[in-house]
Amino acid sequence: MPLEKDNRRLSGARILGIESSCDETAAAVVEDGTRILSSVVASQMETHGQYGGVVPELASREHLKAIVPVVRAALARAGTDYDGLSAIAVTYGPGLVGALLVGLTYAKALALARALPLIGVNHIEGHIHAVISQARGSGEPVGYPALALVVSGGHTHLFEVREGLRYRLLGRTRDDAAGEAFDKVAKLLGFSYPGGPIIDGLAPRGNPKAVRFTLAHMKGNALDFSFSGLKTAVLRWVRQQGMEAEIERRRELQRSVPQPTLEQWMEATPQATLDLLASFQHTVIQELLLRAAAAAEEIEARSLIVSGGVASNAGLRAAARAAQFPCPVHFPAPGLSTDNAAMIAAAAFPKFERGDFADFTLAAQANLALAE
Ligand code: KG4
Ligand code: ZN
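In this text the structure is predicted, and so the values were computed from the model without any measurement.

Novice: Break down the overall build of the protein chain for me, with residues and values.
Specialist: Tallying secondary structure elements over the protein chain gives twelve helices and ten strands in all. The C-alpha atoms of the protein chain give a radius of gyration of 21 Å, which matches the 21 Å a tight globule of 372 residues would have. Judged by the C-alpha coordinates and their principal axes, the protein chain covers about 70 × 50 × 35 Å. Here the protein chain holds 372 residues, and the buried ones make up 56% of them. Of all intrachain contacts in the protein chain linking residues separated by at least 6 positions in sequence, the fraction that spans at least 24 positions is 76%.

Dropping the structure here:
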């Protein structure tokens, strides 16, 4: 698209990022691809919590309500207005199509009204960039080839990332994503959505060796993942142990308190269940790190990037440190693991430098792939 203003200043370039692919409405201003001037996230947790998962229609409606105030807050906190921006970046997939459309349509309207270039960003590339740009900003850039383990509520992928940001898919989940497994196990045990942070908080109080779950054996690509068998094994365990009464107690807690604290969950969770949670989390972590180690060896990775919502898991971080990978391991800073727009603005920066702009035909793509 033609540039009506000189927006392509490469130094001091400020990109407004917009993210609405799932259940967070987010906007951020990032300077030069690394300096986060603001990052605002409006979570819909309270809306979806009572349903035990994201309800797409409600997500779109909540995005519509939040998008204008969230973008305004991001600009205000960054101390800038539209004239101070160099481009608008927006997630166009993968994700819920109705949710994506809210951010995408708003970004297009802003770009048109303010004569700013529009940059389309893949959400998964955003998660990877949360780490790449943070590492660059701290003066210890990631080495290439890098192995990226993207673990969130919608994705569990292993990518090889080569110099010049070329991606190759090495493995992916064949059924549930890792975050989805956390959420489903939490739900069946009577905890609220999202279950990942709750299990993360409770697992250290349990014995991770108490229940021995078998690891998934993958036929075909050994770098693929599977978590549905583990979820079924937890369900079987729950039925065998007759845990209905305590599960009902936690459902009751959810009904009486909108967002119970960790202490309240603790009080409603017997030791045997804490052991079950610890064992489940331990198994997920093993699945992730075993395959990451094999993939890192296969591509002779010079760095490992772990990113996505599950990357905030304290047990995963500790286990990755203890595993002594032969290359540096990079995790996102707090606030950059789960969905945010700073990662979208950061991922847009290399595209901005290349002049890789989208036009107004850019469409939302629910199943957008980063690499085959
Ligand atoms: O990246 P994200 O915000 O959204 C997607 O792109 O999916 O990830 C959300 C997922 C949810 O499944 C949530 O339960 C999980 O990340 N999650 C966690 C933790 N924090 C969020 N899982 C385990 N431990 C955590 N601390
Ligand atoms: Zn995400």
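Novice: Account for the side chain of histidine 155, with residues named and values stated.
Specialist: Structurally, histidine 155 can be placed in the loop between β6 (146-151) and β7 (156-162). Note on histidine 155: relative accessible area 12%, which makes it buried. Aside from chain neighbours lying at most four places away, what touches histidine 155 is Pro94, His123, Ile124, Val150 and Ala177.

Novice: Describe helix α12 (residues 342-354), listing the residues and the values that go with them.
Specialist: Here α12 is 13 residues long and its end C-alpha atoms lie 19 Å apart, about the 18 Å a rise of 1.5 Å per residue gives. Remark: the principal bend of α12, roughly 30°, maps to alanine 348, with a proline, proline 350, within the next four residues. Of all 13 residues in α12, eleven are buried, a share of seventy percent or more. For α12, the complete set of buried residues consists of Ala342, Met343, Ile344, Ala345, Ala346, Ala347, Ala348, Phe349, Pro350, Lys351 and Phe352.

Novice: Which residues make up the layout of surface pockets, and what are the values?
Specialist: Taken as a whole, the second largest pocket spans an internal volume of roughly 490 Å³. Lining the second largest pocket are 21 residues; nearest its centre among them are Gly49, Gln50, Ser192, Tyr193 and Gln254. Looking at the lining of the second largest pocket, the elements that each hand over two or more residues are α1 (45-49), α6 (195-202) and α8 (244-256). The class makeup of the residues in the lining of the second largest pocket is ten nonpolar, seven polar and four charged. For the lining of the second largest pocket, the domains that each give at least three residues are domain 1 (5-136 + 336-354) and domain 2 (142-327).

Novice: Give me the lowdown on the coordination of the zinc ion (ligand 2), citing residues and values where you can.
Specialist: Looking at the zinc ion (ligand 2), the protein donor atoms are His123 (NE2), His127 (NE2) and Asp339 (OD), and they sit 2.0 to 2.1 Å from it. Look at where the donors of the zinc ion (ligand 2) fall in the sequence and you get H-x3-H-x211-D. Placement of histidine 127 in helix α4 (residues 123-137) and of aspartate 339 in the loop between β10 (329-330) and α12 is noted, with a sequence separation of 212 residues between them. Aspartate 339 carries the same exposure label as histidine 127, and that label is buried.

Novice: So what about helix α5 (residues 178-188)? Which residues, and what values?
Specialist: In terms of residue burial, α5 counts as a mostly covered element, since eight of its eleven residues are buried. Within the sequence span of α5, burial applies to Ala178, Gly179, Ala181, Phe182, Asp183, Val185, Ala186 and Leu188. Looking at the buried side of α5, the elements it contacts are β6, β7, α6, α7 (228-241), α8 and α10 (271-299).

Novice: Just give me the short version of the site of ligand 1, but keep the residues and values in it.
Specialist: Lining the immediate surroundings of ligand 1 are 17 residues, of which Gly153, Asp183, Asp200, Asn313 and Asp339 lie closest. Residue glycine 196 places a main-chain N or O atom 3.2 Å away from an oxygen atom belonging to ligand 1. One of the backbone nitrogen or oxygen atoms of glycine 309 is found 3.0 Å away from an oxygen atom of ligand 1. Considering ligand 1 on its own, with 550 Å² of exposed area, one finds that the protein chains cover 91% of that surface. Counting only elements with at least two residues in the shell around ligand 1, the list comes to α4, α5 and α6.

Reading the values: the criteria
Residues numbered from 1 in each chain as written. Chains lettered and ligands numbered in written order. Predicted model: local features only at pLDDT ≥ 70, side-chain atom pairs only at ≥ 80, totals over all residues. Heavy atoms only, no water. Helix = DSSP H or I, 4+ residues; strand = E, 2+ residues; numbered from the N terminus. Rg over C-alpha atoms; globule rule 2.2 N^0.38 Å. Buried < 20%, exposed > 50% of the residue type's maximum accessible area, 1.4 Å probe, protein only. Contact = heavy atoms within 4.5 Å. Expected span 1.5 Å × (residues − 1). Bend = angle between axes of the 7 residues up to and from the residue. 1 Å grid on protein atoms, 1.4 Å probe; cavity = no way out; pocket = protein on both sides within 12 Å on 5 of 7 lines; lining within 4 Å. Points joined across faces, edges and corners; volume = space filled by probe spheres on them. Nonpolar A, V, L, I, M, F, W, Y, C, P; charged D, E, K, R; others polar. Domains from an automatic or database assignment. Donors = N, O, S within 2.8 Å, 3.2 Å for Na, K, Ca; no water. Near = heavy atom within 4 Å. Polar contact = N/O pair within 3.5 Å; in protein donor to acceptor, adjacent residues only side chain to side chain. Areas by Shrake-Rupley, 256 points an atom, 1.4 Å probe, with all protein chains shown as cover.

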